[in-house]
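Summary of the model geometry
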Amino acid sequence: MTGSIEQTEEKRLVLVSGRAHPELATAVAESLDTELLPTTAYDFANGEIYVRFAESVRGADVFALQSHAASINQWVMEHLLMVDALKRASAKTITVIAPFYGYARQDKKHRGREPISARLMADLFKTAGADRLMSVDLHAAQIQGFFDGPVDHLWAMPILTDYVRSRVDVQNVTVVSPDAGRIRVAELWAQKLGGGPLAFVHKSRDINQPNKTVANRVVGDVEGRTCVLVDDLIDTAGTITGAVRVLLDAGAKDVIVAATHGVLSDPAADRLQQCGAREVIVTDTLPIPEEHRFPKLTVLSIAPLLGRAIREVFDDGSVTSLFDGRA
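These figures come from a predicted structure and were not determined experimentally.

Time to look at a nonpolar patch on the surface. Where nonpolar side chains cluster on the molecular surface, the patch consists of Tyr42, Phe44 and Tyr50 and spans about 270 Å² of accessible area. Among the secondary structure elements, tyrosine 42 is positioned in strand S2 (residues 39-43). Since its relative accessible area comes to 36%, tyrosine 42 is described here as partly exposed.

Shown next, in the form of structure tokens:
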């Protein structure tokens, strides 16, 4: 056609990472059979962060990976600066990958004059230039609606249940939720582990004190059974260790703890080691330093799941297909 220019468009996948969890970023790159884009990032003396990518990302589909680990505010800010730099470098699309989404626990107002910090996080990434958001096991599913764009909510459950199934007699398992609010998740776990009974631990929380809960009693059949206690994250481990003790006092044969995100703020490691649980299983969505590891801790890799999800997004495939159509 006269006056037209025809161009065959070739897609290009680029994976970039911040400094919060380099081991995970390297593992994801290996699962994609690619390399991380060389990046310069450092802190100024006053704490300001500098980020620059060493190669062109113009026209590329860029996936910006950063786990919001401690110190969370530093890594969230670095993630935002990465997205801004990619936008100004003319990336075609920018997908924010936050395996652990910072501030997810602040997803609603409990009292007046509180922020909804999880919504603010989504707004910040959108303003910085993100087109899409990907995360693993959000604390509340409603956070998907906070971001004005596509959100890929990945589940670590298949990874965790496959491992747990190899560690228990599925004929004698009760899946336990640490509170009534996560019963639906426990139901899905029970289906994966053979359809055994469910239980939950009744607890009370003081909204004036963070990380403070009291486990009161267990509701459900646990006597003589292996209990699989499931949650999305373990922070200081007060809730989960209290639940372990309640289950053992109620006659449980033994208890396995499984959670996606091992935040493991002090004194979590000591509490978990001493609470009586047979094993504590988490994924590596967050880095776990040696001083927070203990003999009963098992860490499973989330990198293959992230790699498959990135490939589905890049190829315009279906992320839902990774989870039997349920995600």
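The next point concerns the sheet that holds strand S5 (residues 93-98). Read across the sheet, 5 strands follow the order S1-S4-S5-S6-S7 without closing on themselves; strand pairing throughout is parallel. Each edge of the sheet is formed by a strand with only one pairing partner; in this case those strands are strand S1 (13-17) and strand S7 (151-154). Mean inter-strand twist for the sheet, computed between neighbouring axes without regard to direction, equals 20 degrees. Of the strand pairs in this sheet, S1 and strand S4 (residues 61-65) are connected by 5 bridges, and their pairing is parallel. Of the residues in S4, the one forming a bridge with serine 17 is leucine 65. Strand contacts of helix H1 (residues 22-31): S1 and S4, with the helix running at about 165 degrees to S1, the strand carrying the most contacts.

As a rule of thumb, soluble globular proteins bury nonpolar side chains together. Ranked by size, the top nonpolar core spans 42 residues in total, and within it Val28, Leu154, Trp189 and Ile310 carry the most contacts. Among the elements that line this core, the one with the most residues is helix H8 (residues 303-314), at 7 residues. Other than its neighbours up to four places away in sequence, isoleucine 310 contacts Leu13, Leu15, Val28, Leu32, Phe63, Ile97 and Met134. By size, the runner-up hydrophobic cluster in this structure holds 31 residues, among which are Leu37, Ala91, Ala104 and Leu138.

With respect to the secondary-structure elements, glycine 102 resides in the loop between S5 and helix H3 (117-128). Counting along the chain gives 29 residues from glycine 102 to asparagine 73, while the straight-line C-alpha distance between them is 8.6 Å. With near-sequence residues (within four places) excluded, glycine 102 lies in contact with His68, Ile72 and Met121.

A few words now on the packing of helix H2 (residues 72-88) against H3. Closest axis-to-axis distance for the H2/H3 pair is 8 Å, and the angle between their directions is 25 degrees. The angle between the axes of H2 and H3 places the two elements in the roughly parallel class. Listed contacts from H3 to Val76, His79, Leu80, Val83, Asp84 and Lys87 of H2 are Met121, Leu124, Phe125, Thr127 and Ala128. For the contact of H2 with H3, the residue count by class is 7 nonpolar, 2 polar and 2 charged.

With that settled, consider H1. Listed as buried for H1 are Leu24, Ala25, Val28 and Ala29. Buried positions in H1, seen along its axis, are confined to an arc of 135 degrees and lie on one side of it. Opposite the packed face of H1, turned more than 90 degrees from it, sit the exposed residues Glu23 and Glu30. Directly after H1, the chain includes aspartate 33, whose backbone phi takes a positive value near 55 degrees.

Turning our attention to the packing of aromatic side chains. For the coordinates displayed, the defined rule picks out 3 aromatic pairs. Centroid distance tyrosine 42 to phenylalanine 44: 5.6 Å. Interplanar angle 75 degrees. Geometry classified as edge-to-face. A relative accessible area of 40% means that phenylalanine 44 is categorised as partly exposed. Ring geometry for tryptophan 155 and phenylalanine 323: centres 6.1 Å apart, planes at 50 degrees, overall tilted. Taken together, the residues tryptophan 155 in the loop between S7 and helix H4 (157-165) and phenylalanine 323 in the segment after H8 connect sequence positions 168 residues apart. The class for phenylalanine 323 is buried, based on a relative accessible area of 4%.

Turning our eyes to something else, we now look at the pattern of salt bridges. The full count for this structure, using the stated rule, is 17 salt bridges. Between aspartate 235 and arginine 105 there is a salt bridge; the shortest N-O distance is 2.9 Å. Here aspartate 235, found in the loop between strand S11 (226-234) and helix H6 (238-249), pairs with arginine 105, found in the loop between S5 and H3; they are 130 residues apart in sequence, far enough to count as distant. Lysine 108 is the partner of aspartate 107 in a salt bridge, and the nearest nitrogen-oxygen pair spans 3.7 Å.

Moving on, we get to H8. Spanning 12 residues, H8 covers 16 Å between terminal C-alpha atoms, matching the ideal 16 Å at 1.5 Å per step. Burial in H8 covers these residues: Ala303, Leu305, Leu306, Gly307, Ala309, Ile310, Val313 and Phe314.

What counts and what doesn't
- Residues numbered from 1 in each chain as written.
- Predicted model: local features only at pLDDT ≥ 70, side-chain atom pairs only at ≥ 80, totals over all residues.
- Heavy atoms only, no water.
- Patch = residues over 30% accessible without salt bridge, like charges linked within 9 Å, V, L, I, M, F, W, Y side chains within 5 Å.
- Areas by Shrake-Rupley, 256 points an atom, 1.4 Å probe, with all protein chains shown as cover.
- Salt bridge = Lys/Arg side-chain N within 4 Å of Asp/Glu carboxyl O.
- Helix = DSSP H or I, 4+ residues; strand = E, 2+ residues; numbered from the N terminus.
- Buried < 20%, exposed > 50% of the residue type's maximum accessible area, 1.4 Å probe, protein only.
- Pairing = 2+ DSSP bridges.
- Axes fitted to C-alpha atoms, helices over the stretch in contact; angles between N-to-C directions.
- Contact = heavy atoms within 4.5 Å.
- Core = buried A, V, L, I, M, F, W, Y, C linked by side-chain atoms within 4.5 Å.
- Parallel < 35°, antiparallel > 145°, perpendicular 65-115°, else oblique.
- Nonpolar A, V, L, I, M, F, W, Y, C, P; charged D, E, K, R; others polar.
- Arc of directions from axis to C-beta.
- Phe/Tyr/Trp six-rings, centres within 6.5 Å; stacked < 30°, edge-to-face > 60°.
- Expected span 1.5 Å × (residues − 1).

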